[in-house]
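These are the residues of each chain, in order.
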Amino acid sequence: MRGKISIVGAPMDLGQLRRGVDMGPSAIRYAGVVERLESLGYQVNDLGDIEIGRDRLTTDPLTGLRNLEAVVQASTKIADKVDKIMKEGSFPLVLGGDHSIAIGTLAGISKYFKRLGVIWFDAHGDLNTPETSPSGNIHGMSLAVSLGLGETTLTQIGGYCPKIQPENIVIIGARSLDEGEKRLIKEKGIKVYTMHEIDRLGIPKVIEETIAYFKDRTDGVHLSLDLDGLDPLYAPGVGTPVEGGLNYRESHLAMEMFFESEMITSAEFVEVNPILDEKNKTGILAVGLMASLFGESLL
């Protein structure tokens, strides 16, 4: 990790139907993310929020995707902002927003690496396409889009496709997968640690294996952390909570081990929804996890 961190907010709520997740970046800032990271010795530059507008809810008549044109426009803005951060040699830290922001984040990052790895810390696979999605919500398609699968206007954001390869992905914490996603995971050979594997192996072993898996096959690793990867007991302020997720200490330990690995080159924290939260509990948790990712320790 570099000494400079550039924070950018992506107040996107276009990838799904529940309002409030657009206030996620504000909730994370209110929880003191800048001050917390600065206390660790980093030079933190908060670039503010990307302007993401929405006139009205739409459903694309050809693909059935919700807010397709607006998501394309917003993702392009995110990609351009992240691209600029990468050119300046700073660590991009993107605050969401729903998980559709990953389409833009990865479009801005992956061209700077030959073999970018992605850690997808999430209860969901986000591997749907227009043909397999039960909802038409794009936040459930962002990983598939980054693989070059799905609607062309999404896969071509940034002017190139694909952004990542299936063998360079590790999904951690999965416990809610649609049938089409399960087929794609098997077809592409994507490495997945479901909660079953985490329960059996323990989170230290899962993270050790993830680090070893990426060590020789990637030249950079992006962490895409959806707060619904944690159990709703610890992260109640998310749009699609799923019982049986990672606990508080397991998640912090994962971040601490990623810091020690020195392999994380960019990150995003998504799906914080303060309307559904309890006294900003999830926003505060997100900041704590970021602090662990950037090296905060007790001693």
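Scroll up a little and you will see the structure.
Residues numbered from 1 in each chain as written. Predicted model: local features only at pLDDT ≥ 70, side-chain atom pairs only at ≥ 80, totals over all residues. Heavy atoms only, no water.

Colleague: When you look at the sheet that holds strand β5 (residues 169-174) in this model, what are you seeing that I'm missing?
Modeller: In any sheet, the strands associate via hydrogen bonds between backbone groups, in a parallel or an antiparallel arrangement. Read across the sheet, eight strands follow the order β2-β1-β3-β8-β7-β4-β5-β6 without closing on themselves; strand pairing throughout is parallel. The outermost strands of the open sheet, each flanked by one partner alone, are β2 (43-49) and β6 (191-194). For this sheet the average axis-to-axis angle between neighbouring strands, irrespective of direction, equals 15°. Taken strand by strand, helix α9 (residues 203-215) contacts β4 (116-121), β5, β6 and β7 (220-226), and its axis lies near 165° from that of β5. (Pairing = 2+ DSSP bridges. Helix = DSSP H or I, 4+ residues; strand = E, 2+ residues; numbered from the N terminus. Axes fitted to C-alpha atoms, helices over the stretch in contact; angles between N-to-C directions. Contact = heavy atoms within 4.5 Å.)

Colleague: I'm lost on the pairing of β5 in this one. Help?
Modeller: The side chains of a regular strand alternate between the sheet's two faces. Across the six residues of β5, six count as buried, placing the element largely inside the fold. Direction of pairing for β4 relative to β5: parallel, over a ladder of four bridges. Bridge pairing links valine 118 to isoleucine 169 in β5. With four bridges joining them, β5 and β6 adopt parallel strand pairing. Along β6, the bridge assignment pairs isoleucine 172 with tyrosine 193. Once the chain exits β5 it traverses helix α7 (residues 179-188) before rejoining the sheet at β6, and the crossover so formed is right-handed. (Buried < 20%, exposed > 50% of the residue type's maximum accessible area, 1.4 Å probe, protein only. Right-handed = clockwise from strand over helix to strand, strands pointing away.)

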